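Structure assessment
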Amino acid sequence: MKSDPSPDVTARLRIGEQARAVAGMITPDSVIVALVPAGAAVTLVVADRDKDQSVNVRTGAVGPGAVAAYLKPHPYGEVTYQLIGQISGEPKRTYVDITVSAALEPYDHRLKGTWAPAGRTWLRMWVEMKVSGTGVLEGTIDLKQSLQVTASGKAIAVEAAAAEIERGQTITDYTTRDEVRMDVAEGSVQTLTFRFEPKGALTRDGKPTTLKLDSSPQQKLTLK
């Protein structure tokens, strides 16, 4: 679950002293076809917010304005596992399926996205949780309180908002999805350790309830 293309990323072709805008949204998979004069110097310039990056189309040489972090691979990892617990008031056991994915990226493409501070990068995590239970379950899961993340033995502060429980196609499936982020020193994170203990304000059939897990062992996620 990596970053979506951003409308703030634009491109232009510089042919000699002239520049032509490239129409359409620019994505990592974009293919640009252009007719240019033989022998002319052609440079592709990609603008991401306030940073220009360029590459010589004929030689492949990267321009001096390139963001160093963009020239490196963006590590990514994902893990899926299942927990068992109990929703207060339900007679049956509750199964919780969780998928956590993470990536290291220099720029956060969310609304009003920002570049990470110098020497640091954004660690972005996506959490999807499906709760299988009975009754009508509503409310929120507070990911900031629910997700405990460490890297190299040090706790990482999580930036997140409460995620709403959404009822799925069947009456027994409920999902919550959210994204959290934090800035970390470049090169400091290769393996994440996290523990998920759901906290939030939930109701079942209109009455306050809780979701308690039998156990919530630590999980490891390797970024590569």
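Residues numbered from 1 in each chain as written. Predicted model: local features only at pLDDT ≥ 70, side-chain atom pairs only at ≥ 80, totals over all residues. Heavy atoms only, no water.

**Comments concerning the nonpolar core**
Counting residues in each nonpolar core, the largest one holds 36 residues, and the members touching the most others are L123, M125, L192 and F196. Of all the elements in the fold, those that place two or more residues in this core are β5 (76-87), β6 (94-105), β7 (120-132), β8 (137-142), β9 (147-151), β13 (173-185), β14 (191-196) and β17 (211-213). Within the second largest apolar cluster, nine residues are counted, among which are V9, A11, L13 and I26. (Core = buried A, V, L, I, M, F, W, Y, C linked by side-chain atoms within 4.5 Å. Buried < 20%, exposed > 50% of the residue type's maximum accessible area, 1.4 Å probe, protein only. Helix = DSSP H or I, 4+ residues; strand = E, 2+ residues; numbered from the N terminus.)

**Some words on the side chain of T94**
Mapped onto the secondary structure, T94 falls in strand β6. On the basis of relative accessible area, T94 is assigned to the buried category, the value being 0%. Within polar-contact distance, the side chain of T94 engages the backbone nitrogen of I87 at 3.5 Å. Ignoring sequence-local partners within four residues, the contact set of T94 consists of L83, I84, G85, Q86, I87, V131, S132 and L211. (Polar contact = N/O pair within 3.5 Å; in protein donor to acceptor, adjacent residues only side chain to side chain. Contact = heavy atoms within 4.5 Å.)

**Describing the sheet that holds strand β16 (residues 207-209)**
Taken in spatial order, the four strands of this open sheet run β11-β8-β15-β16, and their pairing is antiparallel. Each edge of the open sheet is held by one strand with a lone partner, namely β11 (162-164) and β16. With direction set aside, neighbouring strand axes in the sheet form an average angle of 35 degrees. (Pairing = 2+ DSSP bridges. Axes fitted to C-alpha atoms, helices over the stretch in contact; angles between N-to-C directions.)

**Description of the pattern of salt bridges**
Using the criterion set out here, one finds 10 salt bridges in the structure. Between D108 and R124 there is a salt bridge, and its shortest N-O distance comes to 3.6 Å. Taken together, the residues D108 in the loop between β6 and β7 and R124 in strand β7 connect sequence positions 16 residues apart. Taking the relative accessible area as the measure of exposure, R124 reaches 3% and is therefore buried. One salt bridge in this structure joins R195 and E197, with 3.5 Å as the shortest N-O distance. Each of E105, D108, R124, E179 and R181 takes part in salt bridges that share partners, so that together they form one network. (Salt bridge = Lys/Arg side-chain N within 4 Å of Asp/Glu carboxyl O.)

**Some words on unusual backbone geometry**
Phi is positive for D205, close to 55 degrees, though the residue is something other than glycine. Among the secondary structure elements, D205 is positioned in the loop between β15 (202-204) and β16.

**A closer look at the pairing of β14**
Sheet analysis places β9 next to β14, joined by five bridges and oriented antiparallel. Of the residues in β14, the one forming a bridge with L147 is F196. The pairing of β14 with strand β18 (residues 219-222) spans four bridges and is antiparallel. In the strand pairing of β18, T191 is matched with T222.

**Observations regarding the sheet that holds β13**
Taken together, six strands build an open sheet; the order of strands is β12-β13-β7-β6-β5-β17 and the sheet is antiparallel. Two strands lie at the open edges of the sheet, namely β12 (166-167) and β17, each paired on one side alone. Examined bridge by bridge, β6 and β7 share 11 bridges and lie antiparallel to one another. When the sheet's bridge partners are listed, V96 is paired in β7 with V131.

**A word on the environment of G187**
Here G187 lies in the loop between β13 and β14. The exposure class assigned to G187 is exposed, which follows from its relative accessible area of 75%. When the C-alpha atoms of G187 and G119 are compared, they prove to be 9.3 Å apart, with 68 residues separating the residues in sequence.

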